[in-house]
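# Notes for the structure review
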Amino acid sequence: MTIVSLTDVTKTYPPAAKGGAEVIAVDDVSLDIDRGDIFGIIGYSGAGKSTLVRLVNALEPATRGTIHVDGVDITALSERELRRVRGGIGMIFQQFNLFSSKTVKANIAYPLKLAGWSKADIDARVDELLRFVGLADKAKAYPEQLSGGQKQRVGIARALATRPAILLADEATSALDPQTTHEVLALLKRVNEEQGVTIIVITHEMDVIQTIATKVAVMEHGRVIEQGDVFEVFSDP
Ligand code: ADP
Ligand code: ADP
């Protein structure tokens, strides 16, 4: 069952300089991501990966084409409906994007507060998430007191707080050393297996894809030049 589907999607930006050429960030991309997959999107810097993420997350409209998320055509929604779609997608980032002035607990509680959860429900959910990511003893710590791997585990807990069906990981391990990268990837695998969350992994690192993904799309100059099972795509001579 498809959970994210792009059909002939193009995203262009106006020329950077007057009289310059239009930037084609995503060029006629079609992509199907099945529910429960860990789907990798790999490509060099400038390939269009971040733009693709912003399109799927409904942060920017596509110039052409259609995007379905969880059965809904997001290219034809009101701002209010778009907010609901965004609520169903968790995000984690290379630089973690934690609130430095908030404790670990408050960082994880933040999206639940926004969603209007009661204090008792928030406390219970945050405790559960802290245990899941192995940071029960860090609830009162501030981000600067944590290692990179611990910060990303907080990021994962926050992203999962409202039980989204989809988790978008945008270069989520690119700031981490190899050992920590593998710990974070192992945690993402548990998120996928134990909670059934579909994970979209954006990276420029082949290793990351080979460690965790089952399917992959290779992007180059805005286009998907190859997609399929990881072992097939990467077994070509
Ligand atoms: P990646 O994430 O793979 O590094 P991006 O999606 O960031 O690639 O960028 C793809 C192309 O689109 C690049 O040429 C980039 O300069 C251009 N681009 C991205 N965002 C914008 C924007 N907001 N305005 C203009 N050009 C952009
Ligand atoms: P600033 O005020 O410096 O722009 P914020 O404190 O608003 O930063 O946000 C810090 C970072 O956390 C930003 O990069 C933002 O994208 C991210 N962020 C904000 N709200 C959320 C949220 N609910 N879930 C995940 N990330 C968020």
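See the structure shown above.
Keep in mind the model is a prediction, meaning the values are calculated, not measured. (Residues numbered from 1 in each chain as written. Chains lettered and ligands numbered in written order. Predicted model: local features only at pLDDT ≥ 70, side-chain atom pairs only at ≥ 80, totals over all residues. Heavy atoms only, no water.)

### Focus on the overall build of the protein
- Each helix and strand in the protein was counted, giving 8 helices and 10 strands.
- Its C-alpha radius of gyration of 18 Å places the protein within 12% of the 18 Å reference for a compact globule of 237 residues.
- The buried share of the protein, reckoned over its 237 residues, is 46%.
- Long-range contacts, defined here as pairs at least 24 residues apart, represent 69% of the contacts in the protein between residues at least 6 apart.
- The protein carries 26 positive and 31 negative side-chain charges, and their two centres are separated by 10 Å. (Helix = DSSP H or I, 4+ residues; strand = E, 2+ residues; numbered from the N terminus. Rg over C-alpha atoms; globule rule 2.2 N^0.38 Å. Buried < 20%, exposed > 50% of the residue type's maximum accessible area, 1.4 Å probe, protein only. Contact = heavy atoms within 4.5 Å. Lys, Arg positive; Asp, Glu negative; His and termini not counted. Charge placed at Lys NZ, Arg CZ, Asp CG, Glu CD.)

### Examining the site of ligand 1
- The immediate surroundings of ligand 1 are formed by Y13, V23, A25, Y44, S45, G46, A47, G48, K49, S50, T51 and R54.
- A47 is positioned with one of its backbone polar atoms (N or O) 3.1 Å from an oxygen atom of ligand 1.
- In this structure, K49 approaches ligand 1 through a side-chain N or O atom, which is 2.9 Å from an oxygen atom.
- When ligand 1 sits alone it has 560 Å² of accessible area, and the protein chains cover 61% of it.
- Of all the secondary structure elements, the ones that give two or more residues to the shell around ligand 1 are β2 (23-34) and α1 (49-56).
- No other element matches the 4 residues that α1 contributes to the shell around ligand 1.
- When the residues that make up the shell around ligand 1 are grouped by side-chain class, the tally is 5 nonpolar, 5 polar and 2 charged. (Near = heavy atom within 4 Å. Polar contact = N/O pair within 3.5 Å; in protein donor to acceptor, adjacent residues only side chain to side chain. Areas by Shrake-Rupley, 256 points an atom, 1.4 Å probe, with all protein chains shown as cover. Nonpolar A, V, L, I, M, F, W, Y, C, P; charged D, E, K, R; others polar.)

### Examining the site of ligand 2
- Every residue lining ligand 2 is accounted for by N97, F99, Y110 and R158.
- Contacts to ligand 2 include R158, whose side-chain N or O atom sits 3.4 Å from a nitrogen atom.
- In isolation ligand 2 exposes 560 Å². Once the protein is present, 39% of that is buried.
- Grouping the constituent residues of the shell around ligand 2 by class yields 2 nonpolar, 1 polar and 1 charged.

The values reported here are purely geometric and, on their own, carry no functional implication.
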